Amino acid sequence: MKKIALIICFVITAFVGSSQEKIYSTKAATISFFSSTPVEKIEAINSQVTAKLSDKSGQLAFILLIKGFKFDNALMQEHFNENYMESSKFPKADFKGIISNISTVNFAKDGIYAVTIDGNLTIHGVTKKITQTGTIEVKGGKIIAKSIFKIKVKDFGITGKYIGEKIANEVEATVVCTFD
Amino acid sequence: MTKKIIALSLLFINTVFSKDLLGQKDTSKTVDLFADLDKEVKATDANTVDYTGATFKSTRVINSHSVEMIGKNNLEYRISHRFGYISGGAYELFGLDNASMRNGLEYGISNRLNVGLGRSSIDKEFDGYIKYKLLRQSTGKVNMPISLVYLFSAMHTTLKSTEELSFTNRMSYAHQLLIARKFSDNFSLQLMPSLVHINAVPLAKDDNNLYSLGIGGRIKISKRVAITGEYFHQFNQLTGTTNSLSFGFDIETGGHVFQLHFTNSTGMTERTFITNTSGDWGAGDIRFGFNVSRMFVLKKAKGSRSSY
């Protein structure tokens with residue numbers, strides 16, 4: 001009798017243990033930013049972003065190295081790191097947020113789902129609460145999370161003479177996380 | 001009793017097994033994905049090489065090359081300009097009536113290999129160089145205390161002379177090692193053991209191989225402005241020449257670096273400033289000069305929306 005009870009316990013724990021929450025993870029998500037002023041357009045891309053997404057809790061997080069942003073103009077890249085982002089002092093930027101309507105996303109069915117995400121964005125050592133919209137695309141087992149949003153440079157304590165002239169006050173950030 | 005223990009251990013192993021080996025977590029609580037990410041990042045940090053950037057603001061300290069490189073597919077047009085001696089006084093408008101100039105086109109074949117061509121007004125000299133970054137200062141997985149660059153340059157003078165000089169006799173070469181360390185965000189130092197070989201020297205007693213050791217540095221005084229200094233000590237030198245000594249400012253003007261300086265050298269190639277400097281600082285034989293450059297991006301990343 002005891003043995004049977006134990007076996008049942010054994011089976012149940014095994015069953016419960018293999019729960020349903022799935023964590024999607026990638027180290028090759030991309031984040032680019034685009035600054036556009038009448039004087040100059042500047043775009044840089046970082047394609048070594050680490051990102052994670054939980055299909056149950058809706059937690060979404062990503063982290064990146066500021067030095068990972070690639071510019072076409074290497075000198076500009078250096079100035080970006082040295083003068084604006086101070087990347088030796090603040091080497092990373094990250095976001096930790098929760099997709100509030102994660103339950104509307106059917107991860108088993110192909111489609112594009114609109115989502116809203118609330119969270120904390122940390123850039124240049126300054127953390128700000130943000131609420132943004134984006135999409136989660138389910139496509140043949142692949143999950144693609146996308147969002148395009150504006151960042152006010154001054155909100156994050158990033159200063160410099162050319163902000164507002166050659167560099168836009170608001171830059172557009174594009175986040176694309178492809179989870180296989 | 002033993003059976004119970006065995007069973008309980010099995011139960012325990014079972015739980016652990018199902019959680020960890022299957023890579024899945026308990027449903028009763030949500031996984032803290034944020035903590036997970038932090039942990040993962042900490043682990044990868046130790047495996048990443050963090051290269052030190054911006055040891056100097058420009059590819060030149062003042063006259064000499066720095067360990068900074070032109071980025072891949074970037075082309076730099078560089079104008080280096082030195083006025084006359086300040087000691088010329090008001091009559092020469094403190095040197096502004098005279099000028100020595102070098103026009104250069106310099107290109108990044110890769111982030112570690114640069115080539116350049118230049119033409120200087122002094123001696124109507126053409127020059128070409130190859131510059132290769134052997135070591136990059138870094139922390140993290142690879143801890144490299146210095147950056148090391150090898151520079152080879154060749155110079156050819158075309159100034160007409162009374163006695164006919166052969167092509168070979170108009171050639172000079174320079175080999176330099178640039179050893180630099182960025183000690184902090186604000187302070188960088190560079191040592192430059194150099195050999196300049198001049199095929200035809202003015203006097204029979206002069207050596208063809210001229211050895212020197214240069215030292216250069218910068219101190220940043222604000223995000224945008226740095227004070228620079230550069231000195232070359234010659235171990236053997238041409239008759240009538242002195243050591244090159246320069247001080248200046250690097251000023252960043254949005255994507256460009258403007259270098260202003262005072263120097264006793266006239267030329268801007270290794271032969272001319274290391275081994276052919278004749279100005280005496282003590283006598284006011286100082287020139288005001290500047291370097292300006294404009295960077296052109298020859299090849300953009302696919303789909304880039306950048307306008308430069």
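Predicted model, so just to flag it, every value in this text is computed and none were measured.

Definitions and limits used
Residues numbered from 1 in each chain as written. Chains lettered and ligands numbered in written order. Predicted model: local features only at pLDDT ≥ 70, side-chain atom pairs only at ≥ 80, totals over all residues. Heavy atoms only, no water. Patch = residues over 30% accessible without salt bridge, like charges linked within 9 Å, V, L, I, M, F, W, Y side chains within 5 Å. Areas by Shrake-Rupley, 256 points an atom, 1.4 Å probe, with all protein chains shown as cover. Salt bridge = Lys/Arg side-chain N within 4 Å of Asp/Glu carboxyl O. Helix = DSSP H or I, 4+ residues; strand = E, 2+ residues; numbered from the N terminus. Pairing = 2+ DSSP bridges. Axes fitted to C-alpha atoms, helices over the stretch in contact; angles between N-to-C directions. pLDDT = per-residue confidence, 0-100. Contact = heavy atoms within 4.5 Å. Buried < 20%, exposed > 50% of the residue type's maximum accessible area, 1.4 Å probe, protein only. Core = buried A, V, L, I, M, F, W, Y, C linked by side-chain atoms within 4.5 Å. Polar contact = N/O pair within 3.5 Å; in protein donor to acceptor, adjacent residues only side chain to side chain.

Participant: Describe a nonpolar patch on the surface, naming the residues involved and giving the relevant values.
Facilitator: Together, Phe183, Phe187, Ile219, Ile221, Ile227 and Phe249 of chain B give the surface a local cluster of nonpolar side chains, amounting to about 540 Å² of exposed area. Residue position: Ile221 of chain B is located in the loop between strand E10 (209-220) and strand E11 (225-234).

Participant: Can you lay out the sheet that holds strand E13 (residues 257-263) of chain B for me, pointing to particular residues and giving the numbers?
Facilitator: Residue and element names in this part refer to chain B. The 12 strands lie next to each other as E2-E3-E4-E5-E7-E8-E9-E10-E11-E12-E13-E14, forming a closed barrel whose pairing is antiparallel. For this sheet, the mean inter-axis angle between neighbouring strands, taken without regard to orientation, is 20°. Inspection of the sheet shows strand E4 (residues 113-120) paired to strand E5 (residues 125-135) by 8 bridges, in the antiparallel sense. Residue pairing for E5: Val115 is matched across the bridge by Ile130.

Participant: Account for the confidence of the model for chain B, naming residues and giving values.
Facilitator: Residues and elements named next belong to chain B. Mean pLDDT over chain B works out to 89, with 89% of the residues at or above the 70 mark. Across residues 18-28, confidence stays below pLDDT 50; counting only partners more than four residues off in sequence or on other chains, it has 21 contacts. We note a pTM of 0.81 for the whole complex and an ipTM of 0.73 for its interfaces.

Participant: Lay out the environment of Ile227 of chain B in plain terms, naming residues and giving numbers.
Facilitator: Among the secondary structure elements, Ile227 of chain B is positioned in strand E11. Not counting chain neighbours up to four residues away, the residues in contact with Ile227 of chain B comprise Gly217, Arg218, Ile219, Ile221, Gly248 and Phe249 of chain B.

Participant: Explain the pairing of strand E7 (residues 147-157) of chain B to me, using residue names and the numbers behind them.
Facilitator: All names here are of chain B. Summarising burial for E7: 9 of the 11 residues are buried, a large majority. Looking at chain direction, E5 and E7 are connected through 10 bridges and run antiparallel. Directly across from Tyr129, in E7, lies its bridge partner Ser153. Relative to strand E8 (residues 171-182), E7 is paired through 10 bridges, and the arrangement is antiparallel.

Participant: So what's going on with the nonpolar core? Residues and values would help.
Facilitator: Ranked by size, the top nonpolar core spans 48 residues in total, and within it Leu53, Ile136 and Phe179 of chain A carry the most contacts. Filtering out sequence-adjacent residues up to four positions away, Ile136 of chain A remains in contact with Leu53, Ile99, Ile102, Val105, Phe107, Gly111, Ile112, Tyr113, Val115, Ile143, Ile144 and Ala145 of chain A. Counting residues in each nonpolar core, the second largest holds 19 residues, with Val67, Leu178, Met192 and Ile198 of chain B among its members.

Participant: Would you mind going over helix H2 (residues 74-84) of chain A in detail, with residue names and values included?
Facilitator: All names here are of chain A. Buried residues dominate H2, accounting for 10 of its 11 residues. Along H2, the positions that sit buried rather than exposed are Leu75, Met76, Gln77, Glu78, His79, Phe80, Asn81, Glu82, Asn83 and Tyr84. The N-capping residue of H2, defined by a side-chain oxygen 3.0 Å from the backbone nitrogen of Leu75, is Asn73. Backbone geometry just after H2 places Glu86 at a positive phi near 45°.

Participant: An account of the sheet that holds strand E6 (residues 126-139) of chain A is needed here, citing residue identities and associated values.
Facilitator: Taking strand neighbours around the barrel as the criterion, the 8 strands line up as E1-E2-E3-E4-E5-E6-E7-E8 (chain A) in a closed arrangement whose pairing is antiparallel. Strand-to-strand, the axes of this sheet are offset by a mean angle of 25°, without reference to chain direction. Lying over the sheet, helix H2 (residues 33-45) of chain B contacts strand E1 (23-36), strand E2 (41-54), strand E3 (59-65) and strand E4 (92-99) of chain A, oriented at roughly 20° with respect to E3 of chain A.

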